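Single-letter residue listing:
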Amino acid sequence: ATFGCPKRCVWKSLRSDHLKKAPCRDWTAEEFISNPYTANFMTGMFQYVLNKEELKHTQSLQYESALKEKFWDLLPGPNKTESLARAVDHYMNLGWMEDLVQRGEWNIGWRMPHPRGLKGCAFFASSEVKTLTGISICRDRSEFDDFRGLRAQCALTCECRSGQVACPRTCPVAIE
């Protein structure tokens with residue numbers, strides 16, 4: 001498993017040999033769409049959230065609240081209340097993941113393209129996605145976290161430095 005990998009394998013994978021030789025770059029939007037890692041990552045992330053009732057409820061409320069407060073005008077159609085309900089259902093049932101990996105659509109909600117047209121690492125790290133999901137793909141992970149982000153796939157966006165957790169060793173060394 002990738003995102004939902006148990007703590008023992010996550011910690012081991014963050015220090016693995018593939019990070020020693022991996023290029024310090026961001027994956028392209030096409031790589032995210034074509035690489036099975038993306039679907040595994042997103043599915044694992046949401047299985048973790050959706051399998052815990054309190055997290056599922058909190059995630060649903062956070063997403064709905066953010067749509068109402070920040071993205072109301074982006075909801076499609078004349079009936080915004082109905083669109084909001086569809087968007088929350090779409091999100092909680094992984095419809096946005098299907099939009100991405102099956103159709104190559106970088107949507108923040110049901111029939112809602114990213115407002116700035118972002119794709120790839122810029123999409124995942126955007127303030128809009130962070131606001132809606134509460135997830136930062138660049139956050140350092142530790143052995144105490146339940147899952148990992150996308151630092152290795154988004155090394156430039158996440159400003160990786162050699163030696164940082166989950167960053168390619170080919171990235172520049174941190175200046176002290």
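Fair warning: this is a prediction, and the values are worked out from it, not measured in the lab.

(A) Focus on the confidence of the model for the chain. On average, residues of the chain score 84 in pLDDT, and 84% of them are at 70 or above. Segment residues 1-12 is flagged for pLDDT under 50; beyond a separation of four residues in sequence, or across chains, it makes 24 contacts in the model.

(B) The arrangement of unusual backbone geometry in detail. Despite not being glycine, glutamate 159 has its phi angle at roughly 50 degrees, a positive value. With respect to the helices and strands, glutamate 159 occurs in the segment after helix H9 (127-133). For glutamate 159, a relative accessible area of 60% puts it in the exposed group. Positive phi values are uncommon outside glycine, yet alanine 166 reaches one of about 65 degrees. Locating alanine 166 in the fold gives a position in the segment after H9. A residue is classified by how much of its surface remains accessible, and alanine 166, at 9% relative accessible area, is buried.

(C) Examining helix H5 (residues 53-70) more closely. With 18 residues, H5 should cover 26 Å at 1.5 Å per step; its first-to-last C-alpha distance of 26 Å lies within 8% of that length. Within the span of H5, buried status applies to Gln59, Ser60, Tyr63, Ala66 and Leu67. Down the axis, H5 shows its buried residues gathered within 135 degrees of arc, on one side only. Seen from the open side of H5, the exposed residues pointing more than 90 degrees away from its buried face are Glu53, Glu54 and Glu69.

(D) The arrangement of the nonpolar core in detail. Of all hydrophobic cores here, the largest spans 43 residues; its most connected members are Phe32, Leu67, Trp96, Phe124, Ile137 and Leu150. Those residues within four positions of isoleucine 137 in sequence are excluded, and the remaining contacts are Cys121, Phe124, Ala125, Gly149, Leu150, Arg151, Cys154 and Cys158.

(E) Fine view of the pattern of salt bridges. As enumerated under the stated definition, the model contains 5 salt bridges in all. Aspartate 99 is paired through a salt bridge with arginine 103; the nearest N and O atoms lie 2.6 Å apart. Taken as a pair, aspartate 99 and arginine 103 lie in helix H7 (residues 95-103) at a separation of 4 residues, close to a single helical turn. Take aspartate 99: its relative accessible area is 4%, and that puts it in the buried class. Sharing partners across several salt bridges, the network here consists of Asp99, Arg103 and Glu105.

Each value, and the rule that gives it
Residues numbered from 1 in each chain as written. Predicted model: local features only at pLDDT ≥ 70, side-chain atom pairs only at ≥ 80, totals over all residues. Heavy atoms only, no water. pLDDT = per-residue confidence, 0-100. Contact = heavy atoms within 4.5 Å. Helix = DSSP H or I, 4+ residues; strand = E, 2+ residues; numbered from the N terminus. Buried < 20%, exposed > 50% of the residue type's maximum accessible area, 1.4 Å probe, protein only. Expected span 1.5 Å × (residues − 1). Arc of directions from axis to C-beta. Core = buried A, V, L, I, M, F, W, Y, C linked by side-chain atoms within 4.5 Å. Salt bridge = Lys/Arg side-chain N within 4 Å of Asp/Glu carboxyl O.

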